[in-house]
Amino acid sequence: MARNEIAMLVDVYQNRNTASKTYGKFYGRVFNRETLSLKGFAKHMMEHGKRITYEELVLTLQQAVSCLKELALQGVPVKLDGLGTFYPSIESTGSNTVQGYDPLVNIKGVHMNFRPEAAGDADEKLTSRVLKDQCTFKMNDYVIQHTKTVDGKEKVYYERHPIATYDVASAEEDEEQER
């Protein structure tokens with residue numbers, strides 16, 4: 001499979017949590033881009049081939065979202081072949097007895113989880129290792145996180161510094177260097 005022409009931008013940040021075993025180490029994270037809405041996603045999909053109208057696609061995606069929510073509320077996982085499985089889970093606090101467990105008190109949240117497709121050809125899998133092997137990375141910025149107290153509330157803000165070298169790293173290049 002050919003490398004993507006578009007690279008994933010990676011910001012580098014330093015762990016400043018003094019209680020952490022990895023305090024002071026540097027890590028990468030995906031540069032946060034603006035989230036694409038359902039309609040924006042539909043427009044993107046339409047750019048890859050117009051077999052149905054934009055309006056039909058938006059309605060189809062809206063219905064899919066509505067149905068995923070309905071089934072999640074019933075505890076039903078939904079597998080979309082080639083993509084993965086959406087499934088609900090709950091966040092809950094404990095109780096000392098079975099009789100003392102009250103869902104209205106102990107359940108703190110309901111989460112929609114996603115397990116990527118792991119079956120099929122290697123290039124079709126959506127697992128983290130396959131995606132990493134198919135991804136091209138581009139260094140973006142070194143990001144320093146600061147906290148500031150504003151109106152009595154602690155606010156987090158990020159100071160961005162461009163990384164001088166924008167070398168593209170890929171698994172293929174790593175394999176070539178090892179040879």
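Now for a quick tour of the structure. On a predicted model such as this, the values are computed, not experimentally measured, just so you know.

**Focus: the packing of helix 1 (residues 38-46) against helix 2 (residues 54-73)**
Then, number 1: In the contact formed by helix 1 and helix 2, the axes pass within 9 Å of each other and the chain directions differ by 130 degrees. Put simply, helix 1 runs oblique to helix 2. The hand of the helix 1/helix 2 crossing is right-handed. Between helix 1, through Leu38, Lys39, Phe41, Ala42, Lys43, Met45 and Met46, and helix 2, the contact on the second element is made entirely by Tyr54, Leu57, Val58, Leu61, Gln62 and Val65.
Then, number 2: For the contact of helix 1 with helix 2, a count of residues per class yields 10 nonpolar, one polar and two charged.

**Focus: the packing of aromatic side chains**
Then, number 1: Taken as a whole and assessed by the stated rule, the structure comprises three aromatic pairs.
Then, number 2: When the ring of tyrosine 13 is compared with that of tyrosine 27, the centres are 6.0 Å apart and the planes differ by 35 degrees; the resulting orientation is tilted. Linking tyrosine 13 in strand 1 (residues 8-14) with tyrosine 27 in strand 2 (residues 26-30), this pair joins segments that are 14 residues apart in sequence.
Then, number 3: Of the residues examined, tyrosine 27 reaches a relative accessible area of 31% and is grouped as partly exposed.
Then, number 4: Summarising the aromatic geometry, the rings of phenylalanine 26 and tyrosine 142 are spaced 5.9 Å apart at their centres and angled 55 degrees between planes, so their arrangement reads as tilted. Residue phenylalanine 26 is located in strand 2, and its partner tyrosine 142 is located in strand 6 (residues 137-150); the two are separated by 116 residues in the primary sequence.
Then, number 5: Lying across the ring of tyrosine 87, arginine 115 places its NZ or CZ 4.6 Å from the centre.
Then, number 6: For the cation-ring pair, lysine 148 lies above tyrosine 157, with the distance from its terminal atom to the ring centre recorded as 5.0 Å.

**Here we look at a nonpolar patch on the surface**
Then, number 1: Residues Leu36, Phe41 and Met45 make up a contiguous nonpolar surface patch of roughly 270 Å² in combined accessible area.
Then, number 2: Looking at where phenylalanine 41 falls in the secondary structure, it is placed in helix 1.
Then, number 3: Residue phenylalanine 41 is classed as partly exposed on the basis of its relative accessible area, which comes to 39%.

**Side note on the side chain of aspartate 141**
Then, number 1: Tracing the backbone shows aspartate 141 in strand 6.
Then, number 2: Assessed through its relative accessible area of 12%, aspartate 141 is described here as buried.
Then, number 3: Within the structure, the side chain of aspartate 141 is placed 2.9 Å from the side chain of arginine 160, a separation counted as a polar contact.

**Quick word on the side chain of aspartate 11**
Then, number 1: With respect to the helices, strands and loops of the structure, aspartate 11 is situated in strand 1.
Then, number 2: Of the polar contacts made by the side chain of aspartate 11, one reaches the side chain of asparagine 140; its length is 2.7 Å.
Then, number 3: Of the polar contacts made by the side chain of aspartate 11, one reaches the side chain of arginine 160; its length is 2.5 Å.
Then, number 4: Those residues in contact with aspartate 11, other than ones at most four positions away along the chain, are Tyr27, Gly28, Arg29, Phe31, Asn140, Asp141, Val143 and Arg160.

What counts and what doesn't
Residues numbered from 1 in each chain as written. Predicted model: local features only at pLDDT ≥ 70, side-chain atom pairs only at ≥ 80, totals over all residues. Heavy atoms only, no water. Axes fitted to C-alpha atoms, helices over the stretch in contact; angles between N-to-C directions. Helix = DSSP H or I, 4+ residues; strand = E, 2+ residues; numbered from the N terminus. Parallel < 35°, antiparallel > 145°, perpendicular 65-115°, else oblique. Left-handed = near helix turned anticlockwise from the far one by under 90°. Contact = heavy atoms within 4.5 Å. Nonpolar A, V, L, I, M, F, W, Y, C, P; charged D, E, K, R; others polar. Phe/Tyr/Trp six-rings, centres within 6.5 Å; stacked < 30°, edge-to-face > 60°. Buried < 20%, exposed > 50% of the residue type's maximum accessible area, 1.4 Å probe, protein only. Lys NZ or Arg CZ within 6 Å of the ring centre and 35° of its normal. Patch = residues over 30% accessible without salt bridge, like charges linked within 9 Å, V, L, I, M, F, W, Y side chains within 5 Å. Areas by Shrake-Rupley, 256 points an atom, 1.4 Å probe, with all protein chains shown as cover. Salt bridge = Lys/Arg side-chain N within 4 Å of Asp/Glu carboxyl O. Polar contact = N/O pair within 3.5 Å; in protein donor to acceptor, adjacent residues only side chain to side chain.

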